[in-house]
Each structure stands twice: as structure tokens, then as C-alpha cells.
Amino acid sequence: MKAMSLRAKTILGVAAIEAVILAILILGGLSWLKSSNEEQLVRYGEMLANTFAASNADAVVATDLASLQSFARSVVGQGEVVSMRVQDRDGRELVRLPQQAAEAEPDPTPLAADDGIYHVQAPIELAGEVWGEVALGIDVRRQQTLMQDARRKATQLALLGMVLVALFSFLLGGYLLRQLKILSDAARTIAQSGPGLQLAVARHDELAELTRAFNEMSSRLASSHREFEQSIDAQRTLALEVEQQQGLMGAMIDAALDAIITIDAEGRIREFNASAESIFGLKREAILGEDMAELIIPPQFREAHRGGMARFLKTGEAPVLGQRLELVAQHAAGHQFDCELAIKKVEVGGETLFTAFMRDISDRKRAEQELLLAAHAFDTNEAIFITDAEANIVRVNQAFSRITGYPREEVLGQNPRLMASGEHDQAFYQQMWQALAEQGRWSGEVINRKKGGELFPEWLNISAVRDEAGNTSHYVAHFIDLTEQKAVEASLRQARVEAEAASEAKSRFLANMSHEIRTPLNAIISMNQLVLETELEARQRRFLDAANRAGFTLLALVNNVLDFSKIEAGKIELKPDWFPVAPVLEGIVELYSQTAKEKGLILTCQPLTEPQLELYGDPLRFRQILFNLVSNAVKFTEQGQIDIRLEPLGERLWQLSVKDEGIGIDAAQQAQLFEEFYQVDSSTTRHHSGSGLGLAITHQLVERMEGQIELDSALGQGSEFRVQLPLRSRIGGEEAPQPDLLDDGTRPLRILVVEDSATNREVVAEVLKQDVSELAMAVNGAEAVSMAAQRPFDLVLMDMAMPVMDGLEATRRIRAQSGPNQKVPIIAMTANAFAEDRDACMEAGMDAFLPKPISIKRLRQMVRLWGKQGRGETPPAPMVSSQDGGASLPWLDASVLDKLAADLPPQSLDSLVTMMLKEARERVGYLQQAHQAGDYERVKLEAHTLKSSLATFGALRLQALAKEIDGHCKAQQFDPLPPLVAQLSDGLAQTQTAIEEYRSQDAS
């Protein structure tokens, strides 16, 4: 559709305006004419009606219809009145002219009457009372015709005016259009080419003024356009710089190591950078708009924080602004940590914001604490010096100067060679540097020279300090002066030689004296027995019987002294051979039957299931063991029964038991019962005689025969001694086929060792490797349960305290699962040897209890006793052992290492000790870290494992320290821990020194 031209728009616009104006004028005139006519007609009608009502009021009151009829005829038809109707106040019609006139309601306006008759009404009143109503009809058709003529003529005039205005508009529009076209073309030129175009001005009318204004506008637009383009270029440059700055600022904030947090005056988080996410464990998207105090401020400080914010909003005062503070923050995981804080106030668009820069200083605090501890540790009695990578001394402690005589100033920057004694060759130092290069540490004994020229032995430990790249940056060396120790060792060696010589002399003296006493004693007893065979009076026989018994008692005493001297001198020898058992048992019973009868005792021996049973062992020592036990039972039993029993516990294990109903032994005295010369009643008024050697000799003989002896006794309730001996057996001279003790030739004995300490696992493996072909290892209870569900074992050795799952829970699960090891024998291995620990093991389903430190002999005995049950044999009675805990303990119990050395190859012991020390260092480090972190469950676990491992190698004092830490953790007593944990490092160093001294003594 073609657009309408400006000229047409102008004409139409002017015409429309003219039409509107004329319409308003005409309509306004007609309205005024109509309203004025209607107003006159209304006044005229009301006047007539009121006049007629007043004139006929009396007639209506009197109901004078004739007068009313006469008056109506005189009015109707005269002038504009065309009808009349009169009613009384009851609504009765009195007069209607003409009769055919219809009733009509009063018209709102005279000219609105449809039939041209204007109806008007008026009340008839007399003396203030309405008596009726008169209604008139007035002819208004002439006035309506006049109004129609007026409208027609006004419309014609309006049309004529519009035509004239349109003609004028056409002429004027043509003139204006030409001028506007010039301006329009100029505007297009400006739109295409830019502002600055100037139009010619030839007239002085308003269009000329418009043209001049256009020219000025174009000129100013050109200038503004130039300025605008310059501004746009500047804005682009500025926007690019702002974008670069924003990107750089964002990258700096995200890359910042510090947490940057922005909050508003209400404490709501507005910004949270990546470091803040890492430090506090929160996600930016999840916490924007949240209350900062609820997320990162510990509960105990939140009210103080909110109070400070409220005070700032009220007074504008904030002491923390611009300050560097150290306080405590809270991690999303719930733990609290030390942090450093700086707060800046920022005004942005009239809004107050606060930006906090926070840094986690937990590591720095720990480092400061460690440096403080290191400073204290550096000034110990042990000499310490530190060198750089070129072995130039950079620091020494006071102990170094005290021992060597070199002041600090004289040795700084010097090489430790200045103390060289010349006692070591070049190969010695090459080996030292090679160990430092390969292993990062070296320790050994060195002879050095003091400043005054005096030589002194020292035990030197050197450790290499390496950086992250693995390059050595420093060497830390610490040593102790062995001068006094060497002197003490020399005196001890001399004392040992002298003591051994004295012991040898004593043993020889006892042996000689025993031999010299036995010779005449045998003659006395023999002659006594010969006299008893003659005819004697009753009184004589009684005297000789008493002398005979005394002789046998003295002979037994002499035999005991002789045996004890042999045992003490290590000269007792076993002479194994086949011997029938029944005659030995019967001979002992016969020997003591008379004595038992005289005391009113019942002495019985349970009959053997096989009368022809023979055992392979030393018959003399077997008889001596039984003799001593029965002798004790008869001696300490005043009434009741004594029962002797021999029964098999396995194919090569026999148990000999002697049970009495005597006085019994108090639990406190049982531990010392097997010591030499010990007697339960040692007073001068004791009721029972004896030397106190019988049970000591019995205990030694049982151990020499690789057996064990146990006591079950209570004061006033009798005693039972049980001796278990590994003896082969046969019936009637034919040895029954018997497999090897630990391997029957059909399949290897399968043992599962469950132990979290690598050192203890190695000890068990080394001890059992000669006897057991198949040995499986598990490092915790969960792993043991899994292995027990998959493959069968003949025996399980179970540690108690382990990570992931302890031994008690593992035992319960093995017993509960329907796997191949539901009934396998399980032996507890633990450093906790108290009664409640033993009960807990038995309640969990274990069969036996082996306390730590583990005795190698005891371990092998346990394997012999229990290793066969998995093949369907009857299990032995549970075996337990007690251990003594002295109050004053050395750093090292050398006897424990002596036992290990006796049972293991030398190279195996050395590697095991090295492994133990390495593991101990690691566990001490873990324990100290856990203590700093407040992880007391981990502290308890590490202390328990450390206690167990140390006990195996005789590190008594450090074991006691670990045990004390373990005990406090179990009792939830954490306050005493700091000084105990602080002693671990020094204790470990002292233990290592003691072990190295033992090694050096052993080598010498």
C-alpha cells in the first residue's frame, strides 16, 4: 500500500481540525437552542398546570364535576393545550378531555416527546393539603420542526466551510511540502554522509528560520558527532582496560593462597574465592548470601562477632579494621584451626562491604611448636652437631663443646675431621659415606680426639637431610661419650669372669660334697635295711624304720643338691631311652604308700589304658619329676586324697598330673614357687621341712625335656601340678607310626598369623620357618576373616589390638561364619596379660592365651600343643603365662635378645632388630602426629602396637612408656599424655643406643 503524501496528510489534517471545530460550534449552538426552548416549554407547562390546579381546587374539593367540565372545555383546544385530565386524591378521574385521550406519563423533556405532545402534571392543594392532580398535554410539534431545520442548515454550513479550508490547505501544503522536501533531502544526506550539510536561505519567513535552525543543528551535530566518535573510541579503550583489569583481578583473587571473603553489613557472604573453598571445605555457589558467622566462625565466638557488627553499624567504630589478627576458624567438617585475619572496609555504590583476607596458619603453628621442641631437644646432654652438604659444621650444642672441649666459635665452618684420632683407616670412612649416600643414615662406634688430645670412644649416629628433589642439604650427627660406659663394661666383664669362676668352684664343691656324703649315706641305708631283715623287737623296728626314712630323706636332699649344682653349671645330661611307664608309676605309689597310710591319706594312680605302654625319654628324670611332685603332695596334705594321672594330649604329647587336697598355695606366692630354696612357709616354726629345691629342680628338668609345668592351686583347697612332656610312645616294644610333631608327611601344617606389626610377623615367621611349611600372614582382623573364609588352617595366631578390626571381633566373626575355620584353634597374642584380658579372649572364642613378650620356646610349645586340633584331635587345656612388671626398668633387657640370639641365626636377629627400630620410629611419629591432631583413638592404637613390638625385643622402659599412654587412652584420661608423648623420641633414641651397645658387646 502506497504511503500517503505529506500534502494529503496536511489537507486531511486541516480538514479534520476544521470539521472538529465546526462540529463543536454547531453541536454547541444546537444544544443551546434545544435546551433554551425546552426550558421555556417546561416553565410554560408548569405554569399552566399550576394555574389550572389553583383555579379548580375548590371544584375538586367539592367534586363539582360541572365546573370542572366547563373549565376543561374552555381550555382544551385553545392555544397549545390539547388534553386535560383531573383526579381526586383517591385516584378517581373527575374530568378527561378529549375522552379518547390516553393516559401518559410525564415526559422528561418537552422535545423528547415521541408523539409531539408534552405531558405535564401538578398537584391540587388547598390549605396545605393535596386534594387531587391535574395533567395537561401541550403540543410541541412546531418547536421540534424548528430544531430539525436548524440542524440541517448547520450541517450545510459546516460542509461548505470544510471545502474552503481543504482548498486553502492544498495550496498551503504545496508550499510547505516543497520546503520540507528540501529539509528531508538534506536529512537523508546527513544520514548517509554525516552531519555538516548547509542549506541556502533566501527568504525571511518562518520556513527560512527553520532552515537556518536546521543548518545550525547540522553544524552542531557534526561537532557532536566528532566528539561522540572520540568518546566512543575512548570508551572502547577504557572498557578493554577495565575488562583486562577485571580478568587480572579475578585471576589474582582465584590464584591467591589466602582466602578472600566479602560480606555486607548484615554479615551475608557476597564473594568467596577458590582458596576460601579449599581452606574451609565449602562451595561458593552453595554459600553466597548465607550468614558467614554460621559457617566459618566457631560457635563460642559468634555472639562477639555479631556484637562487633552491630556496634559498627551503630557507631561506625570497628577496632579490628586494618589490624592483623590471629584467631580460630571452623572448617565445614567441624574441626577448628588457627588462622590469620585482616579486614578492609569497602564502599561500593553507597553500600558498605567488608573484605576479609584469611590464611590457615595451622602448619606454621605446628612448625613453630616443632622448632621450639627442636630447640629444647638440641640442648640435651647428648652431643649434636649439624653440617652442610660439604660436611662443614654449621651448628653445635653445648653438650658437643662440653664433651670435645671445642668452643662453638672454633668449630663453625670446620670439617669434623679436626677431631679425627687416626684410629680408623680410609676404608672405615668410605663405608660410612657409602651408607649415608645409599641409606641416608649411619651409626657406629668411633674413636675421636678431644681438643686437649685425649682419645675418647663415642657412639655416633649420622642422618642425611634431603630436600624435595632428593638432594642432601645437611647432615645431623649426635653422639654419646662411651668412656665411662667402656670402663663399666670392662669392670662388668671382669666381674662376670670372676662370678663364673666362683659359680664353677661352688658347683664343683657341691658336687664333691654330695658325692662324699652319698658314699657313707648309702652304706648307712643299706646296713639299716639289712638289720630290718633280721628278727627285731617292735620297739627296735620302729627306731630303725625312723632311721631308714631319715636316711632316704637325706639321700633325696643330697641328690637334689647334686642335681641343682649340675643344672646350675649346665652339666646335666639327658639320656633318653625306651622305658615302661607302669613300673615307674607303681614304684612311686609303693614308695609313698606307707607314708600316706600313716597320715591317713588315700594315694591313687589312675590305671593306664595300655598296660604295656612305653615312652621314649630319660627314665631317671621322668621318675625324679614324679618323685618330687608326689613327695610334695604327701608332705603338704594332712587329710584327703592324692591322685596321680598320666594321659595323652596328642600323638607325641603326654601330661603327668599330681592332684592333692592339701593346704594349697596362695596366688601371690605361686609365681616364686619354682625358684630355688623358696619355701611357702620359711619361718623357724614351719610345720613342713625341706630345702626348697625340689620344685626348682623339677621346673628345670621339665624345661630341659622341652616340656612345661603348670600349677592350679588355691589356699586351703589343694593343688594340682601338670607336667606336659613331648615324648614318643609305643605298645609292647613296637613303636606306633607317629608323624612329625608339626608335619605328618601328608600335608604341611597350615598356620595363619594375624599381626599388624611387621617386626612381630617376621619374628614369628623366623621362629616357625623350620617347623611349618605353610605360613600365611594377615595385617588386621578384617583380612584374617576374609582369609579364614576362603581356605582352611590348622592354627591361628591372633594379635589383639589392630587397625580396621581387632582380634576379638575377628575371632567372633570366624566362629560365626560357616567356613572351613569355624572350629580352628585360635591363640591370642597380646601384651595385655591381665585376667580381664584373658577372660575377654576366652569369651570371644579363643582357645589359648600367649602373652607378649613372646617366648620362642613357649611359642613352639603352643604350636606343638594346638597345631594338631585342626586334624580332629582332642584339644589340650588352655595354657596361660604370667609376666612380671617391675617398677624400675632398664632401657633394654639383654636376656630377651639373648634368647632370640640363641634361637635365630645371627643375621636374622640383626635384620629383625633393624626392622623393629625402623617400625618404632614410624609409629612414634604417627603417635605424635595423632596426639597433636587430638586423634586419641589413633594414639591408643599406635601405643598398643608399639608396646607389643618393643616387648618382643626387651625394650622394657620404652614399652612401659607406651603401655602407660595406652592405659590413659583406654581410661579416657588425656591430660597426662603431653609429657609422656614428649618422652617417646628421647626414649627411642636411648633404646636404640642400648641396642647398639648390646650389638657391640655381642660382636666383641
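Not measured: the values here are computed from a predicted model.

> Looking at this structure, how should I read the overall build of the protein?
Within the protein, the regular secondary structure consists of 29 helices and 28 strands. Among the 1004 residues that make up the protein, the fraction classed as buried is 40%. Within the protein, residue pairs in contact and separated by at least 24 positions form 59% of the contacts whose partners lie at least 6 positions apart. Taken as a whole, the protein presents about 55200 Å² of accessible surface, with 54% of it coming from carbon and sulfur.

> Please explain the packing of helix α20 (residues 758-768) against helix α27 (residues 936-952) as it appears in this structure.
Packed helices, taken two at a time, are described by the angle between their axes plus the distance between the axes. In contact at an axis separation of 9 Å, α20 and α27 are set at 40° when each is read in the N-to-C sense. You can see that α20 and α27 cross each other, and the crossing is left-handed. Contacts between α20 and α27 involve T759, N760 and V763 on the former and, on the latter, S948, S949 and T952. Taken together, the residues of the contact of α20 with α27 sort by class into one nonpolar, five polar and no charged.

> Mind showing me how you'd approach the pattern of salt bridges here?
Opposite charge on two side chains permits them to pair, given that their charged atoms come into close proximity. For the structure shown, the criterion picks out 39 salt bridges. The closest approach of N and O atoms between R270 and D264, which form a salt bridge, is 3.8 Å. Owing to a relative accessible area of 38%, R270 belongs among the partly exposed residues under this scheme. Residue classification places D264 among the buried residues on the basis of a relative accessible area of 11%. We note a salt bridge from R364 to E340, for which the minimum N-O separation is 3.7 Å. Of this pair, R364 sits in helix α10 (residues 362-378) while E340 sits in strand β8 (residues 336-348); the two residues are 24 residues apart in sequence, bridging distant segments of the chain. On the accessibility criterion, R364 (33% relative accessible area) is partly exposed. Judged by its relative accessible area of 10%, E340 is buried.

> What am I meant to see in the nonpolar core here?
Across soluble globular proteins, nonpolar side chains show a tendency to be buried alongside one another. Ranked by internal contacts, the top residues of the largest apolar core, which has 49 residues, are I751, L768, L797 and I965. Among the elements that line this core, the one with the most residues is helix α26 (residues 906-932), at nine residues. Setting aside residues no more than four positions away along its own chain, L768 makes contact with I751, L797, L859 and V863. Among the nonpolar cores identified, the runner-up in size contains 40 residues, and W654, L656, V658 and I665 belong to it.

> Would you mind going over the sheet that holds strand β20 (residues 708-713) with me for this structure?
Two modes of strand pairing occur in sheets, parallel and antiparallel, and in both the strands are linked by backbone hydrogen bonds. Taken in spatial order, the five strands of this open sheet run β16-β18-β19-β21-β20, and their pairing is mixed. A strand with exactly one partner marks an edge of an open sheet, and here the two such strands are β16 (601-605) and β20. Put simply, the sheet's adjacent strands are angled 15° from each other on average, direction ignored. One ladder, built from eight bridges, connects strand β18 (residues 640-650) with strand β19 (residues 653-660); its direction is antiparallel. Of the residues in β19, the one forming a bridge with P648 is W654. Against the sheet, helix α16 (residues 581-599) contacts β16, β18 and β19, and its axis sits at roughly 175° relative to β16.

> Please clarify how the packing of aromatic side chains should be interpreted in this entry.
A full pass over the atoms with the stated rule returns 14 aromatic pairs. Pairing Y592 with F627 gives two aromatic rings, centres 5.5 Å apart and planes at 50°, and the pair type is tilted. In this pair, Y592 is assigned in helix α16 and F627 in helix α17 (residues 619-635), connecting sequence segments 35 residues apart. With respect to burial, Y592 and F627 carry one shared label: buried. Directly above the aromatic system of F456 lies the positively charged group of K450, at a separation of 5.5 Å from the ring centroid.

> Can you walk me through a nonpolar patch on the surface in this structure?
Where nonpolar side chains cluster on the molecular surface, the patch consists of I17, I21 and L25 and spans about 300 Å² of accessible area. Relative to the elements of secondary structure, L25 occurs in helix α1 (residues 6-55).

> Sorry if this is basic, but what is going on with the sheet that holds strand β1 (residues 81-88) here?
Taken in spatial order, the four strands make up an open sheet running β2-β1-β4-β3, and their pairing is antiparallel. Single-partner strands in this sheet number two, and they are β2 (93-97) and β3 (117-126). Looking at each pair of strands side by side, their axes are set apart by 15° on average, direction ignored. Pairing geometry for β3 and strand β4 (residues 129-139), over ten bridges, is antiparallel. What sits directly across from E125, in β4, is V130. Sitting on the sheet, helix α3 (residues 65-75) touches β1 and β2, and the angle it makes with β2 is about 25°.

> I tried to follow α20 on my own but got confused; where do I start?
Along an α-helix, residues three or four positions apart point the same way, because every turn accommodates 3.6 residues. Counting buried residues along α20, nine of its eleven residues qualify, which places the element largely inside the surrounding structure. Along α20, the residues that are buried comprise T759, N760, R761, V763, V764, A765, E766, V767 and L768.

> Explain the pairing of β19 to me, please; I cannot follow it from the model alone.
Moving residue by residue along a regular strand, the side chains alternate between the two faces of the sheet. Buried residues dominate β19, accounting for seven of its eight residues. Two successive antiparallel strands, β18 and β19, enclose a turn made up of two residues. Pairing geometry for β19 and strand β21 (residues 719-725), over seven bridges, is antiparallel. Counted as the bridge partner of W654 is L725 from β21.

> Honestly, the packing of α16 against α17 in this entry has me stumped. Any pointers?
The contact between α16 and α17 brings their axes to 10 Å, and the two run at 15°. In terms of orientation, α16 and α17 fall into the roughly parallel class. Here α16 and α17 pass one another in a crossing that is right-handed. On α17, the residues touching V584, L585, I588, L591, Y592, T595 and K599 of α16 are F622, R623, L626, F627, V630, S631, V634 and K635. Here the residues of the contact of α16 with α17 sort into ten nonpolar, two polar and three charged.

> What should I look at first to understand helix α13 (residues 426-439) in this one?
Here α13 spans 20 Å end to end across 14 residues, near enough to the 20 Å set by a 1.5 Å rise per residue. Along α13, the positions that sit buried rather than exposed are F428, M432, A435 and L436. The arc enclosing the buried residues of α13, seen along the axis, measures out at 100°, which places them on a common side. Among the exposed residues of α13, those pointing more than 90 degrees away from its buried face are Q426, A437 and E438. Buried residues along α13 sit against β12 (441-449), β13 (455-466) and β14 (472-481). Of the residues trailing α13, G440 is marked for its positive phi of about 80°.

> Looking at this model, I keep getting lost on the side chain of D264. Mind explaining?
Along the polypeptide, D264 turns up in strand β5 (residues 259-264). Look past the residues within four positions of D264 in its chain and what remains in contact with it is R270, M309, E351, T352, L353 and F354.

> For this particular structure, what's the right way to read the confidence of the model for the protein?
Detailed reading of predicted coordinates is not advised where the pLDDT is low. On average, residues of the protein score 78 in pLDDT, and 80% of them reach the 70 mark or higher. Predicted confidence for residues 735-746 stays below pLDDT 50, and this span has 29 contacts to residues more than four positions away or in other chains.

> What is the right way to look at unusual backbone geometry in this model?
A negative phi angle is the norm for most residues apart from glycine, just as the trans form is the norm for most peptide bonds. With an omega of -20°, the peptide bond running from L97 to P98 counts as cis. With respect to the helices and strands, the residue P98 is situated in the loop between β2 and β3. For E706, which is not glycine, the phi torsion reads 60° and is therefore positive. Take E706: it is sitting in the loop between α19 (694-704) and β20. One non-glycine residue with positive phi stands out, namely Q972, at about 60°. Among the structural elements, Q972 can be located in the loop between α28 (956-970) and α29 (977-1003).

Rules of the game
- Along each chain, numbering runs from 1 in the same order as the chain's sequence is written.
- For this predicted model, a pLDDT threshold of at least 70 governs which residues receive local features, and a threshold of 80 or more governs which side-chain atom pairs are given and counted, while totals over whole chains, interfaces and linings are taken from all residues.
- Each side-chain value is worked out from all heavy atoms of the structure, with water and hydrogens disregarded.
- The secondary structure listing takes helices from DSSP runs of H or I that are at least 4 residues long and strands from runs of E that are at least 2 residues long, numbered from the N terminus.
- The classification of residues rests on relative accessible area computed with a 1.4 Å probe and restricted to protein chains. Under 20% of the type maximum is buried, over 50% is exposed, and intermediate values are partly exposed.
- Any two residues having at least one pair of non-hydrogen atoms within 4.5 Å are treated as being in contact.
- Surface accessibility in these figures is a Shrake-Rupley result with a 1.4 Å probe; residues are shielded only by whichever protein chains are displayed.
- Helix axes use the C-alpha atoms of the stretch in contact, all axes being lines fitted to C-alpha atoms, and the angles between their N-to-C directions lie in the range 0 to 180 degrees.
- The handedness criterion is simple: a crossing whose near helix is rotated anticlockwise from the far helix by less than a right angle is left-handed, and one whose near helix is rotated clockwise is right-handed.
- Throughout this entry, Asp, Glu, Lys and Arg are counted as charged residues, while Ala, Val, Leu, Ile, Met, Phe, Trp, Tyr, Cys and Pro are counted as nonpolar. The remaining residues, Gly among them, count as polar.
- A pair is scored as a salt bridge if a Lys or Arg side-chain nitrogen falls within 4 Å of a carboxyl oxygen belonging to Asp or Glu.
- Residues enter a nonpolar core if they are buried and are Ala, Val, Leu, Ile, Met, Phe, Trp, Tyr or Cys, with the set joined through side-chain atoms within 4.5 Å.
- Paired strands, in this sense, are two strands between which DSSP finds at least two bridges.
- Planes of paired rings set the category: under 30 degrees apart is stacked, over 60 is edge-to-face and the rest tilted, where pairs are Phe, Tyr or Trp rings (Trp by its six-membered ring) whose centres lie within 6.5 Å.
- The rule is short: NZ of Lys or CZ of Arg within 6 Å of the ring centre and within 35 degrees of the ring normal puts a charge over the ring.
- Patch membership requires more than 30% relative accessible area and the absence of a salt bridge. Residues of like charge join within 9 Å; the nonpolar side chains Val, Leu, Ile, Met, Phe, Trp and Tyr join within 5 Å.
- Our angle categories are set so that under 35 degrees counts as roughly parallel, over 145 as roughly antiparallel, 65 to 115 as roughly perpendicular, and the remainder as oblique.
- Expected helix span is taken as 1.5 Å per residue step, with the number of steps being one fewer than the number of residues.
- In this context, the arc is that of the directions from the helix axis out to the C-beta atoms.
- A residue's pLDDT is the confidence the predictor assigns to it, expressed on a 0 to 100 scale.

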